[in-house]
Amino acid sequence: MPRPSTTSGKRRIAHVWPFRPTVRYGGQVAAALRTETVGGIVMLLATVAALVWANTPWADAYKSLQSHDLTPHWLHLEHMDVQHWASGGLLAVFFFIAGLELREELTHGELRDPRDAALPVIAAAAGVAVPALIFVAVSAGEPGALRGWAVPTATDIAFALAVLAVTFSSCPAPLRAFLLTLAVVDDLIAITIIALFYTETLHWTWLAIGVVLIVLYGLLQARNVRSPWLYLPLAVLAWYCVQRSGIHATVAGVALGMLTSSKETPDGRPTNAERADHVLRPFSAGFCVPVFAFLSAGVALSGSALNAVLGDRVALGVICGLVIGKFVGVFGGAWSAVRLGLATLGEELRWREIAGVAMLAGVGFTVSLLIGGLAYTDPSRFERVTTAVLIASIIASAAAAVVFRRRARPRPAE
């Protein structure tokens, strides 16, 4: 949803949702990576590459790459192989961007007005609760199954937006804003779940130091200090301390992103948040997330492997939670909110399009795989869960594509 733009000299910055400064500096590749659709396609290609490699005679080399030890012992970190660096290090950048988007939404976007925010917020909350309940019901009785109750609760916004762009090119701005706001709230709930339920041991000293560093970062941002050379070491040290504390380091990424200042400057220069977004988003979309996807998605797709997935109630719980639970939760939450008078359906939104977005919310990948890795340390079970997430994402994408292509009426271009 476009907002008023500010102009300073020859530089013009348009504020659009999601948070995206369109200052014309940087290369064309970086500019492309600042769009969610391109980021989703890059991640999809990385996923396909991992699946191809993992189903060739060289699959053992892929497994060796995943488990290759990269622990810098002088940092006194626990075992950190390549896959752990991708989930704990690279995804911290991804969640920093999510924090920036959440801050922007709270300051200038859909979440600024509680009445406007009610519909996507309630839909997101229901879209987390219902899949979790379905997962618990389907997997009940399986030893250790409850550890993964949160796996089907997350929506992958990059994949979802890529599918939306391909299947519904005439998507109205309010519907896209609904999906984006839904995903931002979903990310916030997911990172809260990770912090509260997937922290086994907590080292209070390291946590206290990490909190102090994050608070210092926030105070400097509030005073509008602009030097990135001051913030970079602070952010790295905060990440390190949170990692040492036992809490997943992606929590530090979200906290730092939310504290990054979006305060307008008197001379019209890009804000700290705009500059951070402009620099880090291409790195996140073009490297961090694709590398994580490449290192996580390589699973065997043989007949026996697929039979193992279909015979595992945990994997079936993930599929049912993402495909059925997300749709019922998001659509049911939105419908209930409107019926109870807690929210209003905008004039440009239609229930059948909301239904398509609810189906699309079942595209779980990045955060689902992250939670799956935290929940299940057994490699065979994690592989089945990963395969289940991929299957569910394909089903949800196909279902949403059918709705958008056959049922959504074309709209005139604005």
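Per an unreviewed UniProt entry, the protein carries the name Na(+)/H(+) antiporter NhaA and comes from Actinomadura violacea. Recorded in UniProt for the protein, the comment headed Catalytic activity (unreviewed entry) runs: "Na(+)(in) + 2 H(+)(out) = Na(+)(out) + 2 H(+)(in)".

Asker: Looking at this model, I keep getting lost on the overall build of the protein. Mind explaining?
Answerer: Counting its regular elements, the protein contains 16 helices and 2 strands. Here the protein, with 414 residues, has 52% of them falling under the buried criterion. Long-range contacts, defined as pairs at least 24 residues apart, comprise 79% of the intrachain contacts of the protein with a sequence gap of at least 6.

Asker: Whenever I open this one, unusual backbone geometry confuses me. Can you help?
Answerer: Note on backbone geometry: most residues besides glycine have negative phi, and most peptide bonds are trans. Even without being glycine, Asn 224 reaches a positive phi, approximately 60 degrees. Looking at the secondary structure, you find Asn 224 in the loop between helix 8 (204-222) and helix 9 (228-245). Residue class for Asn 224 comes out partly exposed when judged on its relative accessible area of 21%.

Asker: Sorry if this is basic, but what is going on with the nonpolar core here?
Answerer: A general trend in soluble globular proteins is that nonpolar side chains are found buried together. Membership of the largest hydrophobic core comes to 89 residues, with the highest contact counts inside it found for Phe 95 and Leu 360. Per-element tally for this core: the top contributor is helix 7 (residues 173-197), with 12 residues. In contact with Phe 95, other than residues within four places in its own chain, are Ile 191, Thr 250, Gly 253, Val 254, Val 367 and Leu 370. If you look at the next biggest cluster of nonpolar residues, it comprises 24 residues, including Leu 77, Phe 96, Ala 252 and Leu 256.

Asker: Help me out: how do you make sense of a nonpolar patch on the surface in this one?
Answerer: A contiguous nonpolar surface patch, about 240 Å² in accessible area, is contributed by Leu 44, Val 48 and Val 52. Positionally, Leu 44 belongs in helix 2 (residues 36-54).

Asker: Hey, could you run me through the pattern of salt bridges in this one?
Answerer: Per the stated rule, a full pass over the model turns up 9 salt bridges. Of the charged contacts, one joins Arg 313 and Glu 142 as a salt bridge, the two residues approaching to 3.6 Å between their closest N and O atoms. A residue pair is termed long-range when its members are at least 10 positions apart, and Arg 313 in helix 13 (residues 313-339) and Glu 142 in the loop between helix 5 (114-139) and helix 6 (157-167) qualify at 171 residues. Salt-bridge contacts for Arg 381 lead to Asp 312; the nearest nitrogen and oxygen are separated by 3.4 Å.

Asker: Explain the confidence of the model for the protein to me, please; I cannot follow it from the model alone.
Answerer: Low-pLDDT portions of the prediction should not be read for the details of their coordinates. Residues of the protein with pLDDT of at least 70 account for 87%, and the chain-wide mean is 83. Within the protein, helix 13 carries the highest mean pLDDT (95), whereas strand 2 (residues 11-13) carries the lowest (33). Overall, residues 1-26 carries pLDDT values under 50, and its contacts beyond four positions in sequence, including any with other chains, amount to 70 contacts.

Asker: I'm lost on the packing of aromatic side chains in this one. Help?
Answerer: We describe a pair of aromatic rings using the distance from one ring centre to the other and the angle between the two ring planes. Enumeration over the complete set of coordinates arrives at 11 aromatic pairs. Centroid distance Trp 206 to Tyr 240: 5.6 Å. Interplanar angle 90 degrees. Geometry classified as edge-to-face. Of this pair, Trp 206 sits in helix 8 while Tyr 240 sits in helix 9, and the two are 34 residues apart along the sequence. We classify Tyr 240 as buried; its relative accessible area is 15%. On the numbers, 5.1 Å between centres and 65 degrees between planes, the contact of Tyr 217 with Tyr 231 is edge-to-face. Note that Tyr 217 is positioned in helix 8 and Tyr 231 in helix 9, a separation of 14 residues in sequence. Just as Tyr 217 is buried, Tyr 231 falls in that class too.

Asker: Just checking my understanding: could you explain the layout of surface pockets for this structure?
Answerer: A probe matching the size of a water molecule, rolled over the atoms, marks out where space remains unfilled. What the largest pocket holds in volume is close to 1,200 Å³. Around the largest pocket, the lining comprises 38 residues; the ones closest to its centre are His 84, Ser 87, Gly 373, Leu 374 and Thr 377. For the lining of the largest pocket, the secondary-structure elements that each account for two or more residues are helix 3 (59-66), helix 4 (82-107), helix 9, helix 11 (272-296), helix 15 (366-375) and helix 16 (379-406). Considered class by class, the residues forming the lining of the largest pocket number 12 nonpolar, 18 polar and 8 charged. Considering the residues around the second largest pocket, the lining is formed by 24 residues, among which Phe 96, Leu 232, Ala 235, Ala 276 and Leu 280 are closest to the centre.

Asker: Help me understand the environment of Leu 310, please; the structure alone is not making it clear to me.
Answerer: One can find Leu 310 in helix 12 (residues 303-310). On a C-alpha basis, the gap between Leu 310 and Arg 384 in space is 9.0 Å, while along the polypeptide they are 74 residues apart.

Asker: Sorry if this is basic, but what is going on with the packing of helix 3 against helix 11 here?
Answerer: Viewed as axis vectors pointing N to C, helix 3 and helix 11 meet at an angle of 125 degrees, and their least axial separation amounts to 9 Å. Regarding the angle of helix 3 to helix 11, the classification is oblique. Facing Tyr 62, Leu 65 and Gln 66 of helix 3, the residues of helix 11 in contact are Phe 294, Leu 295 and Ser 296. Of the residues assigned to the contact of helix 3 with helix 11, the class counts are 4 nonpolar, 2 polar and no charged.

The rules we used
Residues numbered from 1 in each chain as written. Predicted model: local features only at pLDDT ≥ 70, side-chain atom pairs only at ≥ 80, totals over all residues. Heavy atoms only, no water. UniProt positions renumbered as here; feature names shortened; annotations may be inferred. Helix = DSSP H or I, 4+ residues; strand = E, 2+ residues; numbered from the N terminus. Buried < 20%, exposed > 50% of the residue type's maximum accessible area, 1.4 Å probe, protein only. Contact = heavy atoms within 4.5 Å. Core = buried A, V, L, I, M, F, W, Y, C linked by side-chain atoms within 4.5 Å. Patch = residues over 30% accessible without salt bridge, like charges linked within 9 Å, V, L, I, M, F, W, Y side chains within 5 Å. Areas by Shrake-Rupley, 256 points an atom, 1.4 Å probe, with all protein chains shown as cover. Salt bridge = Lys/Arg side-chain N within 4 Å of Asp/Glu carboxyl O. pLDDT = per-residue confidence, 0-100. Phe/Tyr/Trp six-rings, centres within 6.5 Å; stacked < 30°, edge-to-face > 60°. 1 Å grid on protein atoms, 1.4 Å probe; cavity = no way out; pocket = protein on both sides within 12 Å on 5 of 7 lines; lining within 4 Å. Points joined across faces, edges and corners; volume = space filled by probe spheres on them. Nonpolar A, V, L, I, M, F, W, Y, C, P; charged D, E, K, R; others polar. Axes fitted to C-alpha atoms, helices over the stretch in contact; angles between N-to-C directions. Parallel < 35°, antiparallel > 145°, perpendicular 65-115°, else oblique.

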